[in-house]
Structures are given as C-alpha cells and as structure tokens.
Amino acid sequence: MAKSPRAEPFQLGDVSVAPGTRERVQLDVGTYLTSESLRLAVHVLHGRRPGPVTLVTAAIHGDETNGTEIVRRLLRERRLKRLAGTLLAIPIVNRPGFVTRSRYMPDRRDLNRLFPGSPTGSLGSRLAKVLIDEVVKRADVVIDLHTGAVNRPNLPQLRISPGRSAELELARVFAPPVILAGEPREGTFRHACRALGKTCLLYEAGEALRLDTPAIRFGVQGVLSVLRQLQMLRGKSPIRRLPLVCSRSFWERAPAGGIFTPLVSLGRAVEAGTQLGFVADPHGTGDTPVLASRPGLLIGRTNDAAADEGDGLFHLASLEGIDQAESRIARTAENLPSAHDDEDDHPVPYDSLNDTI
Ligand SMILES: [Zn+2]
C-alpha cells in the first residue's frame, strides 16, 4: 500500500511546528504603557497529513466571551489528533479588551474598524496588521467568532459575503438557523479577509460577557463540520437542515420612551403587524405596542428594560421576497440549539418554535 504523503513543518513567526504536533506561538505586536509587550497568541495544530489551513479567531471584541469558549473547547477536541492540514486558533485577539471586559482597545478604538492595519499606527492598528500579515495570509479559510453586545443576545447566525459560493457552501455545512449574506463594512476583519480572497465565515451567537452554552456547542460543532467538509477531519457531520439564507435585515425601534417588555423570543418568525413587545409609560398613562413593519425572523433582541425613543429593540432577518419562507422556517426550527441541552447551566432565550408557523 502506498504511504500517504507527510506534511512539511509549518512556520509561524520564528517557530517551526513539526507535522503531528501543536505549539502556542506568540507574535509580537507592540508595547503597552506599562512597558510590557502586547503579543498575539496563536495555537498551531499541524496535522501529519497535508491539507488546507483554517484559522479560527475569537474576541476581536474583548467582551465577546462565547467565541473564546468555543476555541477553548475546540482545542480540547481529541479528534484533532488525526487532523490533516493546519488549524490556527486564536482564543483572544483583543487581549487588552479581554482583560478589562471591554469591546474596545485601551484607546477606545474598535479593533474591528482598524483592518487591514498599519505597522506604524496605533496599537490596535498594529495588532490588525500582525493578524493579517502573519496569520490570515497563511490561511485558506477563516472563521471569526462574535456575539451581540451586552444585554443584546443574537440567535446563532453566520454572516457571509454575497456571491461567494465557497462561503455559502461552508456556511450551509456549519448550518446555523440563519445565514445573512451581506457586504462587510470597510475596516472590518471580514472585509480585510475578503480583500485577500479568503473564504470567511463570521459566527454571531449569544451576547457579550455571558456564556451561552447551546450557542457555544453549536459553534464548536459548526467548526468541526467545516473541518470535515474541508477533509481536515474524517467522518460525517451530523445531518442538519438547510439554513434560511437572507440578504437583508432590519431593526424595529422603540416608538416611545419607557419600560420595555419583549413578547417574542429569538428564532421566531413573525408576520408584518405582529406585536413584538410594548413600551410602557413609567407614570402609568399607557402602553405603546412595538409592531413588526415587515415579515422577519427574530435574530437579535435587547433584554434592557429601559428604552429611549428610537432605541433598537428587535433585529430581524427580512423574509420579504424569500420563496417558501414558511416551509424553510419550519425546517430551521430543527437547527436551533435546544434549551433542554442547557438545564445544568442557565436558561436560554430561544423560542421552542412550536408556535413558529
Ligand atoms: Zn463582535
């Protein structure tokens, strides 16, 4: 029998990682005000057999802890011992933000607006540059992990670029309930990855600073499914139903200021005119309903009790112009993380979806 080919060592920074081994490589970025070094820690899992390079990044926004937990669980997967190709995993991109539980860099800049970065710019800009030049350029596929903001959980969802069949194919394999195909904003990591021709999936799930166990499990399984599809891992992915693919989303905002009560859970599909919640005058003079202006699938929601007029309350994927939306939504119900998976952790905001249709 012919011997299968063996991979060459993988070079990252000044470290050479032998086939069949793993290393944590520290890349120098710059110096803090304390004169300590800011480094980017990259886990390199280099398979014995050659194959593609997949990069998984988390906590570009320092308070988006679910992504870090997904990478942590991924790194403990025993099946990665039989990896083909190379998995690069960064549990914390924005280390200063992670330490201070902040979305931002210490100078209050949003790292996810500084890509592709500059070697002579701010610390965030230098961090962006190191990530792009030394890591992303080595990768074929990038999976970037995010969450909603504090008190604003997101339904597990993937963001991809329109017209990129490789991204759509991998996103379907990942199989979240919904895929949003939209242009990335300039300055974002996804925009920079796309400019380099990388296949990039952005996973959004849960909210900042709060572990959402079903969304985390779903993310780990999604990444493993992508690795199987790329033939970096052997075996079959669990059969999941086709996700709903949407090209637009919209917000329903507070029609008045007051105490906000939501009435609809994440994952629920609604018709135009459905009451999503209400805002009540604290002085007791009346309630103002919040209505869906168009048909949509609820992909994000605020859990804040207080709302000023105009605050974004509900984020919906637009179902306008989507063929056979109802049957597709019915199928997405089977893709949702189950609240029953989470009895040992904490309650999750997903609708059971029994009343979706
Ligand atoms: Zn984010």
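Described below are features of the structure shown in this document.

Conventions adopted
Residues numbered from 1 in each chain as written. Predicted model: local features only at pLDDT ≥ 70, side-chain atom pairs only at ≥ 80, totals over all residues. Helix = DSSP H or I, 4+ residues; strand = E, 2+ residues; numbered from the N terminus. Buried ≥ 20, exposed ≤ 12 C-beta atoms within 10 Å, placed from the backbone. Contact = placed C-beta atoms within 7 Å. Core = buried A, V, L, I, M, F, W, Y, C linked by C-beta atoms within 7 Å. Domains from an automatic or database assignment. Pairing = 2+ DSSP bridges. Expected span 1.5 Å × (residues − 1).

What about the overall build of the protein chain?
(1) Moving on: The secondary structure content of the protein chain amounts to seven helices and 19 strands.
(2) Moving on: In the protein chain, which comprises 357 residues, the share counted as buried stands at 44%.
(3) Moving on: If you take every contact in the protein chain between residues at least 6 apart in sequence, the share linking residues at least 24 apart comes to 67%.

Some thoughts on the nonpolar core
(1) Moving on: Core analysis: the largest hydrophobic core is formed by 88 residues, its most contacted members being L40, I143, V178, L201 and L297.
(2) Moving on: Of the residues forming this core, the biggest block, seven residues, is contributed by helix α6 (residues 213–229).
(3) Moving on: Looking at this core, you find at least three residues from each of domain 1 (16–244) and domain 2 (249–342).
(4) Moving on: Residues in contact with L201, not counting those within four places in the same chain, are I143, L158, I160, E167, L170, A171 and F174.

Comments concerning the environment of M232
(1) Moving on: Inspection of the secondary structure puts M232 in the loop between α6 and β11 (244–246).
(2) Moving on: Between the alpha carbons of M232 and R49 there is a distance of 8.9 Å; along the sequence they are 183 residues apart.
(3) Moving on: Leaving out residues up to four positions away in the same chain, M232 has contacts with G51, P52, T54, L83, A84, G85 and L227.

Structural notes on the sheet that holds strand β15 (residues 275–280)
Two pairing modes exist for strands in a sheet, parallel and antiparallel, and in both the strands are linked by backbone hydrogen bonds.
(1) Moving on: Pairing within the open sheet is antiparallel, and its four strands lie in the order β16-β15-β13-β18. Across the chains shown, the open sheet's two edge strands, defined by having one partner strand only, are β16 (287–291) and β18 (306–307).
(2) Moving on: Where β15 meets β16, five bridges bridge the pair, whose relative direction is antiparallel. Of the residues in β16, the one forming a bridge with Q275 is L291.

Overview of unusual backbone geometry
(1) Moving on: For the bond from F115 to P116, the omega torsion is 10°, close enough to zero to count as cis.
(2) Moving on: Checked against the element boundaries, P116 lands in the loop between α2 (95–99) and α3 (123–135).
(3) Moving on: At L209, a position not held by glycine, the phi torsion is positive, near 60°.
(4) Moving on: As for its position among the elements, L209 is in the loop between β10 (199–206) and α6.
(5) Moving on: Residue class for L209 comes out partly exposed when judged on the 17 C-beta atoms lying within 10 Å of it.

Observations regarding α3
(1) Moving on: Taking 1.5 Å per residue as the helical rise, α3 with its 13 residues ought to reach 18 Å, and the 17 Å between its terminal C-alpha atoms agrees with that figure.
(2) Moving on: Burial runs high along α3: ten of the 13 residues are buried.
(3) Moving on: Along α3, the residues classified as buried are L123, G124, S125, R126, L127, A128, K129, V130, L131 and V135.

A closer look at the pairing of strand β4 (residues 37–46)
(1) Moving on: In this sheet, β4 lies alongside strand β3 (residues 21–31) in antiparallel orientation, the contact comprising ten bridges. Looking at β4, one finds that R24 is bridged to H43.
(2) Moving on: Between the end of β3 and the start of β4, which pair antiparallel, lie five residues, with S35 showing a positive phi angle near 75°.

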